[in-house]
Amino acid sequence: MESHTIMAKAETTTNRSPRGAKPVSQAFFTALDSIPEASRDAVAKAALVMMRDGLKLQREKTKAAAVKEKATAAKTKAAAAKEKPAAKPVAKKAVAKKRVAKAKPVAAVAEAPAAPAKRRGRKPAAVPAAA
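Everything quoted here is computed from the prediction, not taken from an experiment.

What counts, and at which threshold
- Residues numbered from 1 in each chain as written.
- Predicted model: local features only at pLDDT ≥ 70, side-chain atom pairs only at ≥ 80, totals over all residues.
- Heavy atoms only, no water.
- Helix = DSSP H or I, 4+ residues; strand = E, 2+ residues; numbered from the N terminus.
- Buried < 20%, exposed > 50% of the residue type's maximum accessible area, 1.4 Å probe, protein only.
- Areas by Shrake-Rupley, 256 points an atom, 1.4 Å probe, with all protein chains shown as cover.
- Axes fitted to C-alpha atoms, helices over the stretch in contact; angles between N-to-C directions.
- Left-handed = near helix turned anticlockwise from the far one by under 90°.
- Contact = heavy atoms within 4.5 Å.
- pLDDT = per-residue confidence, 0-100.
- Salt bridge = Lys/Arg side-chain N within 4 Å of Asp/Glu carboxyl O.
- Patch = residues over 30% accessible without salt bridge, like charges linked within 9 Å, V, L, I, M, F, W, Y side chains within 5 Å.
- Lys, Arg positive; Asp, Glu negative; His and termini not counted.
- Charge placed at Lys NZ, Arg CZ, Asp CG, Glu CD.

## Focus: the overall build of the chain
From N to C terminus, the chain includes 3 helices and 0 strands. Starting at the N terminus, the α and β elements of the chain follow one another as α-α-α. Every one of the 131 residues in the chain was classed for burial, and the buried ones make up 2%. Surface exposure of the chain reaches about 13,600 Å², of which carbon and sulfur atoms provide 62%.

Here it is as structure tokens:
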């Protein structure tokens, strides 16, 4: 008896280029056409390397700006926390008083006789007539 293994076929999906990629590539090839045939390969490779390096530099700058922004936000938050440490205990006491005030009416309601609430039963299931 032979054992056959069934392999899942990879789905063929077409990846679309992001918006704006076509004019950039057309501009690149148009500029490349103006270069003499003898040095076109070297110029294309050098241009691609320069573009890759430029993109890496942009990503690094973006990451550095994000880190700097987070550090600034943390400093601002720490400074604000140092300025208002007395406000927090007052707020906690006010919340505790509110909780006690809410608890008293609930206890008073529990002591009073409560009228039974009307509850609706479930809808009866349709029962077929017995023959």
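Now, onward.
## Some points on the packing of helix H1 (residues 21–33) against helix H2 (residues 40–83)
Packing of H1 against H2 brings their axes to within 10 Å, and their N-to-C directions diverge by 145°. By crossing handedness, the relation of H1 to H2 is classed as right-handed. Between H1 and H2, the contacting residues are Phe28, Leu32 and Asp33 on the first element and Arg40, Val43, Ala44, Ala47, Leu48 and Met51 on the second.

## A word on the confidence of the model for the chain
Across the chain, pLDDT averages 78, with 61% of residues at or above 70. When the elements of the chain are averaged for pLDDT, helix H3 (residues 87–111) gives the smallest value, 55, and H1 the largest, 94.

## Some words on the pattern of salt bridges
Close approach of charged atoms lets side chains of opposite charge pair. Summed over the entire model, instances satisfying the criterion amount to 1 salt bridge. The shortest N-O distance in the salt bridge between arginine 40 and glutamate 37 comes to 3.2 Å.

## Re a positive patch on the surface
Together, Arg52, Lys56, Arg59 and Lys63 make up a positively charged patch on the protein surface. Within the fold, lysine 56 resides in helix H2. Overall, lysine 56 belongs to the partly exposed group, its relative accessible area being 43%.

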